[in-house]
Structure formats: structure tokens, C-alpha cells
Amino acid sequence: MAVVELKNVGKQYPGADELAVEDFNLVTEDGEFVVLVGPSGCGKTTTMRMIAGLEEHTQGAIKIGGRDVTGVAPKDRDIAMVFQSYALYPHMSVRDNMAFSLKLKKYGKADIKKRVEDAAEVLGITNLLDRKPRALSGGQRQRVALGRAIVRQPQVFLMDEPLSNLDAKLRVDMRAEIVKLHRKLGVTTFYVTHDQTEAMTMGQRIAVMKDGIVQQIDTPNNLYQQPSNTFVAGFIGTPAMNFLQAEVGNDQATGNGFRLVLDEERRRAAAERSHLRVGIRPEHLHLADNDSSQSDLTGTVEVVEPLGSLTMIQVKVGETTLTAQIEPHQTVAMGDTVSLTCAPDKLYLFDDETEAALIGIDTGVADAHKY
């Protein structure tokens, strides 16, 4: 196990005008599970490859276990990587695939046998050790790839979208297995994904990236409740947060087809602003009653999606389509005119120009790392 430190780390490719990664700063806890998440091309895999030594960082410093690894070859960094492609040798058995790196490092036969069998037992693949990769399912191959990393007993695991080749159900199963594995082994882990649900369910802390720049590093709950800007707010959460351009006045935020009541805390946050952007999570929108003191967003239902335990609807309010989560017993149909409401303390406010958060939701509960 080891602490990994990235200080002002950046990467600029030859001939490129802009940095692929810029000023990445992070210090992990020993044994922490950190997820790098963001859209394609945001720099998360480049960051992972710089930690691994597969890409040379052109700015800053990277330390693993207190040692500056600048110029240190990947094989000497005491890390193990699990890739999107399993990269198993098709002509070798599972046992030999898992043992391969240990044989290259001249480990004794007894040590190799014990490490392979111990890892296989942890992963539940002891009965597969004599099979070839072609005789394995996708989930089994992924376990073998994890086993190959585990046997090395590294200080750090680096996982680059390891579940992207699996079907939806198997992905859910395997991400739970990886979380349990991390809890059992306690090895510092970096995990790259573009799937925010995967990030939220697996990470103890999450680094959200956009265009090579870290937007926010925080725990899953804090990212969801207290996003630093509109990008984080819109990226984290399924379905995505709704946004409305609003004018501010008379303790309200108003626009085409809506009127939102602001509480005292939000009035203070919006002080001296005539315009701002309001964010509302779908689960915080409800069908309104006739109480004139409520916020009101009136529009036409465009889509109704019954999901069993809840129903998602899309409502066109002015020029904006909002997604709302309603109770399954509440009946609406496409074409209906409905009014939605949101409690004032569930409104997120953002600066209209910088898109920085002015206020999020204070749950009153201190967030802590999972596990």
C-alpha cells in the first residue's frame, strides 16, 4: 500500500497547442479508491498513464510511496494495471497467465504457486486455473486480468475502464466484486471510467475532469450535493440536473413559464445579481397543488416513462425541457399541461457567466469516505 501524490502534474504532447492535462493536484490516502471520471478526451486515461509511467509528464511531479517516480520505468514503479482489453495470452492457461509477470521477475516456483492460488481463491476462479482464455466468459476473463495484477502484490492498482467490454448486468456484478476486492486487499487504487454511475458507486473520492482540467475532487455525496460548477452538477447524477436561465427580483427567480421562490439563504447567495442559472434535480420536482406560495413551472408533457417504482416525465417549460421524477400512481399523459414545483431549499444556484456554484444543498450530514 502507498500514498500517491500528484503535484501540478501536466502533459503536453509535441506539436499540441493545449495541454492534455493541466495542473492535476491530488494526494491519496493509503489504500484509498480514487475514480477519475469525465467525458471522452478529458485527460483521465492520460493521467492514469502518467502515474503508470507509460506517458511522461511534462509538468509537475508524481510520487508513489514518498518516492519521486519521474524517469522511473513502469516496471520499477511497483504498480499493476488492469486494462479495458484483458490482454491475456491465448495459448497460456489461466495459471500461466497469472504467473507470467512473476516468472519474468525470477520468483521461486513455490512462491509463484502460492501467490497464484491465493489470488485465484480470492477471485473465485480456482476451478479455472487450467483452462485457456477462449474457454472463459467475459466476466471470468476479467477476473483473470485482476488476478494477474493481484499476484504482483503492488503498492498501487491502476484500472483503465476494465468493465467497458462487459454487458450491463455483468458490469453491475463486477463493479461490486471490485469494491469487495479493494476492501479485502486495501491497496491504493485509481480507476478510470466515463460512467458516472460507476464512479459514484465505487469511488471513495472522485476526480471529475473536463478538457484536461480537474473540475472537482470530492466524495460522491459532496459531488452530488455540493457541485463546484454547472459541469459537475450536470455530469454527476442520473437523470442529469435541469438548468434554467432566470432573472432575479422580489425574492424570486423567474423566466419563460416559471416562477421559483427563493429562501433567505438563496436570496443572500443571489444578492446583487439580476441573472443567474438555477439547477434542479429531477427527484426534487413534484406535481404542484394550488398553493400560490409554491414555486411554479408550467408546461406541456412531452415524454412519459413508467419505470415501475417511479415515473420519469419530460415537460417543456418555455424553451426548456425539464425532467421530473413523479410517483407511479400519479397519472399524466403526453400533451397534458402540468405545473411542477420545487422546494426552495432544493434549488442550486450558479453564476450565469462563470458557471461557478453559488449555493448547493446542505444535507446537514457530514460526508465520510465509504468502507
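Every value quoted in this text rests on a predicted model; they were computed, and no experiment measured them.

What counts as what
- Residues numbered from 1 in each chain as written.
- Predicted model: local features only at pLDDT ≥ 70, side-chain atom pairs only at ≥ 80, totals over all residues.
- Heavy atoms only, no water.
- Patch = residues over 30% accessible without salt bridge, like charges linked within 9 Å, V, L, I, M, F, W, Y side chains within 5 Å.
- Areas by Shrake-Rupley, 256 points an atom, 1.4 Å probe, with all protein chains shown as cover.
- Salt bridge = Lys/Arg side-chain N within 4 Å of Asp/Glu carboxyl O.
- Lys, Arg positive; Asp, Glu negative; His and termini not counted.
- Charge placed at Lys NZ, Arg CZ, Asp CG, Glu CD.
- Helix = DSSP H or I, 4+ residues; strand = E, 2+ residues; numbered from the N terminus.
- Axes fitted to C-alpha atoms, helices over the stretch in contact; angles between N-to-C directions.
- Parallel < 35°, antiparallel > 145°, perpendicular 65-115°, else oblique.
- Left-handed = near helix turned anticlockwise from the far one by under 90°.
- Contact = heavy atoms within 4.5 Å.
- Buried < 20%, exposed > 50% of the residue type's maximum accessible area, 1.4 Å probe, protein only.
- Pairing = 2+ DSSP bridges.
- Nonpolar A, V, L, I, M, F, W, Y, C, P; charged D, E, K, R; others polar.

Draft legend 1. Structural detail: a negative patch on the surface. Residues D17, E18, E22, D23 and D211 make up a contiguous surface patch of negative charge. Following the sequence through the fold, D17 ends up in the loop between β1 (4-11) and β2 (21-27).

Draft legend 2. Looking closely at the packing of helix α4 (residues 138-150) against helix α5 (residues 168-185). Where α4 meets α5, the closest approach of the two axes is 11 Å, and the angle between their N-to-C directions is 20°. Judged by the inter-axis angle, α4 sits roughly parallel to α5. Once α4 is placed against α5, the crossing between them reads as right-handed. Where α4 approaches α5, its residues G138, G139, Q142, R143, L146 and I150 are matched on the opposing element by L170, M174, E177, I178, L181 and L185.

Draft legend 3. Up close: the pairing of strand β3 (residues 33-37). Counting buried residues in β3 gives five out of five residues, a clear majority hidden from the surface. Side chains F33, V35 and V37 project from β3 onto one buried face, and the interleaved V34 and L36 project onto a second face that is buried too. Of the strand pairs in this sheet, β3 and strand β8 (residues 188-193) are connected by five bridges, and their pairing is parallel. Its bridge partner being in β8, V37 is matched across the sheet by T193. With four bridges connecting them, β3 and strand β9 (residues 205-210) associate as parallel partners. Looking across to β9, one finds that V37 is bridged to V208.

Draft legend 4. Representation of the environment of K113 within the structure. Structurally, K113 is set in helix α3 (residues 109-123). Linking K113 and V34, residues 79 residues apart in sequence, is a C-alpha distance of 31 Å.

Draft legend 5. Representation of the packing of helix α2 (residues 94-104) against α4 in the model. One can describe the packing of α2 onto α4 by two numbers: an axis separation of 8 Å at closest approach and a directional angle of 30°. The orientation of α2 with respect to α4, classified from their angle, is roughly parallel. Crossing angle aside, the handedness with which α2 passes α4 is right-handed. Contacts between α2 and α4 involve V94, N97, M98 and S101 from the first element and V144, G147 and R148 from the second. Grouping the constituent residues of the contact of α2 with α4 by class yields three nonpolar, three polar and one charged.

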